[in-house]
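# Architecture at a glance
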Amino acid sequence: MTTEVDSPANPAAGAQAAVRRSRRRTRTVLVHSVQAAVLVVVLGGWQLLVQGDQHAIVLYGLPSGIFDRLRSWVTEGTALGSLGSQIWTTIEEALIGFAIGTVLGIVCGIALGRIRFLSEVFGPFIKVLNAIPRIVLGSVFVLAFGLGLESKILLVIVLVFFGVFFNAFQGTREVDRTFIANASILGASRWQVTRQVVLPSAFTWIIASLHVSFGFALIGAIVGEFLGGYAGLGVLIKNAQGTFDASGVWAAMVIMGVVALVAEWLITRLERRLLRWRPAQLSGPDL
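Residues numbered from 1 in each chain as written. Predicted model: local features only at pLDDT ≥ 70, side-chain atom pairs only at ≥ 80, totals over all residues. Heavy atoms only, no water.

What follows is about the nonpolar core. Counting 30 residues, the largest nonpolar core has Trp73, Leu233 and Ile255 as its most contacted members. At the level of secondary structure, the elements contributing two or more residues to this core comprise α1 (11-50), α3 (63-76), α4 (83-114), α7 (149-173), α9 (190-227), α10 (233-242) and α11 (246-274). Residues in contact with Leu233, not counting those within four places in the same chain, are Gln86, Ile87, Thr90, Ile222, Glu225, Ala252, Ile255 and Met256. (Core = buried A, V, L, I, M, F, W, Y, C linked by side-chain atoms within 4.5 Å. Buried < 20%, exposed > 50% of the residue type's maximum accessible area, 1.4 Å probe, protein only. Helix = DSSP H or I, 4+ residues; strand = E, 2+ residues; numbered from the N terminus. Contact = heavy atoms within 4.5 Å.)

As structure tokens, this is what we get:
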């Protein structure tokens, strides 16, 4: 039964909702205005401090030079081919490695979190592997698998796996034991408990790890291309560095930032869709 307070026709409730929407719009405008002001101050200060000093321009580049480099890449292409093909090469490596690393991390994390014997056997090995500087493995992968996609994808998988694994493992360990006991009493099998109780409970931890893991995926793809590759944003950065083209380095980094922001937006949308059961005040990130 709907109460008078909850009724959509209630004028007081409608007024409160309108006030909340107005406050949200005002806050959004304020946030975007401050962000734009910060960007203007940073880029304007950079331009004013560096312009006129040729040595500083070579070392640090100029915002105007970055814009010119991006425009030339879009209109004329890069030395390696079209800009779109370079971006897609990096995104393809990052996405494939991200997907494989995420699946492996979730499966292994839940398996070791649920089965103590596996945790005791493989735990020390995983800790040792996690302690190894994983970026260094990029050189090993390039030597073993060549300059193609395989070496970059493997590096991305390694970088993504551990972040997802530890979150899935800890999320599995943090599941309320009362829920597991109740499910077992009701006759649920071990697989049913894992699928219907453990996995949903650990999903918050797993989704949270994806925000950081995709950043690592991009890093892995770029570093792999930088160490050895035919195409991609990493190769663009390497070529720009070799010719002391600071604007080219920054331009490639700007493209990386845009890709990362789009990916973050998509992951946030996925998070809100999959975790709609969470309380409203926790449903959206503050950052």
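This next bit is on the confidence of the model for the protein. Residues of the protein with pLDDT of at least 70 account for 86%, and the chain-wide mean is 80. Mean pLDDT values for the elements of the protein range from 69 in helix α8 (residues 177-185) up to 89 in α4. The low-confidence segment residues 1-7 (pLDDT under 50) makes five contacts with residues lying over four places distant or belonging to another chain. Confidence drops under a pLDDT of 50 for residues 281-287, and excluding neighbours within four residues, the segment shows five contacts in the predicted structure. (pLDDT = per-residue confidence, 0-100.)

Below, the discussion takes up a positive patch on the surface. Together, Arg20, Arg21, Arg24 and Arg25 make up a region of like positive charge exposed at the surface. Mapping Arg25 onto the fold places it in helix α1. A residue is classified by how much of its surface remains accessible, and Arg25, at 53% relative accessible area, is exposed. (Patch = residues over 30% accessible without salt bridge, like charges linked within 9 Å, V, L, I, M, F, W, Y side chains within 5 Å. Areas by Shrake-Rupley, 256 points an atom, 1.4 Å probe, with all protein chains shown as cover. Salt bridge = Lys/Arg side-chain N within 4 Å of Asp/Glu carboxyl O. Lys, Arg positive; Asp, Glu negative; His and termini not counted. Charge placed at Lys NZ, Arg CZ, Asp CG, Glu CD.)

Running from N to C, α10 and α11 point in directions that differ by 160°, and their axes come no closer than 8 Å. With respect to each other, α10 and α11 are oriented roughly antiparallel. Both α10 and α11 take part in a crossing whose hand is left-handed. Within the contact between the two elements, α10 uses Leu233, Ile237, Ala240 and Gln241 and α11 uses Gly248, Val249, Ala252, Ile255 and Met256. (Axes fitted to C-alpha atoms, helices over the stretch in contact; angles between N-to-C directions. Parallel < 35°, antiparallel > 145°, perpendicular 65-115°, else oblique. Left-handed = near helix turned anticlockwise from the far one by under 90°.)

Our focus in this paragraph is the side chain of Glu93. The topology assignment puts Glu93 in helix α4. Of the side chains with opposite charge, Lys152 comes closest to the buried, unpaired Glu93, at an N-O distance of 5.4 Å. In this structure Glu93 touches Leu149, Lys152, Ile153, Val156, Ala221 and Glu225, once residues within four positions along its chain are discounted.

A few words on the packing of aromatic side chains. Per the stated rule, a full pass over the model turns up eight aromatic pairs. Plain terms: the ring middles of Phe98 and Phe214 are 5.3 Å apart, the flat faces sit at 80° to each other, and that makes the pair edge-to-face. Here Phe214 lies in helix α9 and Phe98 lies in helix α4, a separation of 116 residues in the sequence. The same class applies to Phe98 and to Phe214, which are both buried. (Phe/Tyr/Trp six-rings, centres within 6.5 Å; stacked < 30°, edge-to-face > 60°.)

Viewed as axis vectors pointing N to C, α3 and α11 meet at an angle of 70°, and their least axial separation amounts to 8 Å. Taken together, the axis directions place α3 and α11 in an arrangement best described as roughly perpendicular. Counted together, Gly65, Ile66, Arg69, Leu70 and Trp73 of α3 and Ser247, Gly248, Trp250, Ala251, Ala252, Val254 and Ile255 of α11 form the full contact between these two elements. Residue composition of the contact of α3 with α11, grouped by class: eight nonpolar, three polar and one charged. (Nonpolar A, V, L, I, M, F, W, Y, C, P; charged D, E, K, R; others polar.)

Turning our eyes to something else, we now look at the pattern of salt bridges. Pairing is possible between side chains that carry opposite charge, provided their charged atoms lie close to one another. Applying the stated rule across the entire model yields three salt bridges. As a salt-bridge pair, Arg69 and Asp245 come within 3.0 Å of each other at their nearest N and O atoms. Here Arg69, found in helix α3, pairs with Asp245, found in the loop between α10 and α11; they are 176 residues apart in sequence, far enough to count as distant. Of the residues examined, Asp245 reaches a relative accessible area of 18% and is grouped as buried. A salt bridge links Arg116 to Glu120; the shortest N-O distance between them is 3.2 Å. Placement of the pair is Arg116 and Glu120 together in helix α5 (residues 116-131), with a separation of four residues, close to one helical turn.

If you trace the backbone, Arg134 turns up in the loop between α5 and α6 (137-145). For the pair Arg134 and Val156, spaced 22 residues apart in sequence, the C-alpha to C-alpha distance is 9.7 Å. Look past the residues within four positions of Arg134 in its chain and what remains in contact with it is Leu129, Leu155, Val158, Leu159 and Phe162.

Below, the discussion takes up the side chain of Ser119. If you trace the backbone, Ser119 turns up in helix α5. Residues contacting Ser119, with those up to four places away along its chain left out, are Leu112, Pro124, Phe169 and Arg173.

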